[in-house]
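In case you want the letters, here they are:
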Amino acid sequence: QPLNRTTEQPNNRTTAQPLNRTTEQPDNRTTARLTAPNRAPNGAQLRHMPMPLISTTILMPFTHRRLTAVRTLRHAWLSVVLLLFTAAPGAAQVLQGAHVLDLMVRALAGADTLRVEQMVVIDDRDIADDPLTLSETLFYAFPGRFRSEAAYQDSHRIHVVDHDRRLTLVDGRPAADPAGPYDRYKDLLLYRTRKDLHRMLLASGVDVELTSLGRLDEQIVHVLGARYPDESASQVWVDRESFLPLRWLHISGEGPEDRVAFIYRQWQKQGEQWYPGQVATYHQKRLIRRIDVRKIEADIALPGDWFDTERLLHSQPPPEMEAEKSPRFYETAPEQDLVRQLIEKNLENELAE
């Protein structure tokens, strides 16, 4: 302990408490007040306080409040940024169209071949008052080859795609339109390279270079071909997370009101291959056709000549009296649905009987 200058004995008062300048006795009042730093000292107290202690005592409440305000402001700003990125689709990152197509092709790749059994429900009042159902089997040979076989009562329809060549046979006779607008839903699923998919979409009127972000129900999507929510142009909507197609809007060149939309739902995985479990077709914003998938088989053996359009065309027997039986069915307008033709032909035959 420090010594008393006169007696050379330990000075207990100096080490225990601060001294009063006038009486050299412990100033207990000053010590008690200094134990409450959040309470601003008065003038008398400041005169008896060391300068460092004065600065700390005065500035502490103001510094604490300032730091609290800064933290609150920072938390509020982060909340606003997160809200913009999660609630507003336009605030998130917009990918280029070519990049979206590349990721979409990768997501759809998997099997080399597919066999799909499905039921097609036609709900078109122009054909019948009640919905009609027919069975259809699809065969995919990736990339770019496709075959469908549909049966309705006594009629049989074969539709074949071999890259750029298309052929449709109804009861062995070529149809006037080899590709109806309602059969185009499978075109998004056929290709395995970005180049081929890009070329197909450009031919369908989709400006792939124009991209934006939109929302379909609760899902955020990449919109190719338009600025969301503009629907005056043909466009494809791709899920932002899975990069699987969810919607394809095709607008005819004959008029902006002539539009067909395909909605792809219930995506399921067979092996390594993704495929939609349901495809809904809308014409003029009215549901006219629904496809429900019953069975999917991946990587099965398929004969190569099944997709040879020239061989199929020349292997059919020559037409005889069937052309006179229903000329309307075989001389259809290019925009007419081929499945619809199949149903109309049977209805005409029933009326004739």
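Here's what I pulled together on the structure shown here.

1. Side note on the overall build of the protein chain
- Assigned secondary structure in the protein chain consists of 10 helices and 13 strands.
- Relative to its 353 residues, the protein chain shows a buried fraction of 41%.
- Considering only residue pairs separated by 6 or more positions, the protein chain has 48% of its internal contacts joining residues 24 or more positions apart.
- Total accessible area computed for the protein chain in this model is approximately 20,300 Å², and 52% of it derives from carbon and sulfur atoms.

2. A short note on the pairing of strand β8 (residues 219-224)
- Most of β8 sits out of view: 5 of its 6 residues are buried.
- When strand β7 (residues 211-216) meets β8, the two strands line up antiparallel, connected through 6 bridges. Opposite Thr-211, over in β8, you have Leu-224 as the bridge partner.
- Between the antiparallel neighbours β7 and β8 lie 2 residues, among them Asp-217 with a positive phi of about 55°.

3. Section: helix α6 (residues 194-203)
- What α6 keeps buried is the set Leu-197, Met-200 and Leu-201. An end-on view of α6 places all buried positions within 95° of arc, on one side of the element. Relative to its buried face, α6 has exposed residues pointing more than 90 degrees away, namely Lys-195 and Ala-203.
- Count one or two residues on from α6 and you reach Gly-205, which has phi positive near 90°.

4. As for the packing of helix α5 (residues 97-108) against α6
- Two numbers describe how α5 lies on α6: the axes approach to 9 Å, and their chain directions differ by 120°. Two packed elements cross with a definite hand, and for α5 against α6 that hand is right-handed. Within the contact between the two elements, α5 uses Ala-98, Leu-101, Asp-102, Met-104 and Val-105 and α6 uses Arg-194, Leu-197, His-198 and Leu-201.
- For the contact of α5 with α6, the per-class residue count stands at 6 nonpolar, 1 polar and 2 charged.

Rules of the game
- Residues numbered from 1 in each chain as written.
- Predicted model: local features only at pLDDT ≥ 70, side-chain atom pairs only at ≥ 80, totals over all residues.
- Heavy atoms only, no water.
- Helix = DSSP H or I, 4+ residues; strand = E, 2+ residues; numbered from the N terminus.
- Buried < 20%, exposed > 50% of the residue type's maximum accessible area, 1.4 Å probe, protein only.
- Contact = heavy atoms within 4.5 Å.
- Areas by Shrake-Rupley, 256 points an atom, 1.4 Å probe, with all protein chains shown as cover.
- Pairing = 2+ DSSP bridges.
- Arc of directions from axis to C-beta.
- Axes fitted to C-alpha atoms, helices over the stretch in contact; angles between N-to-C directions.
- Left-handed = near helix turned anticlockwise from the far one by under 90°.
- Nonpolar A, V, L, I, M, F, W, Y, C, P; charged D, E, K, R; others polar.

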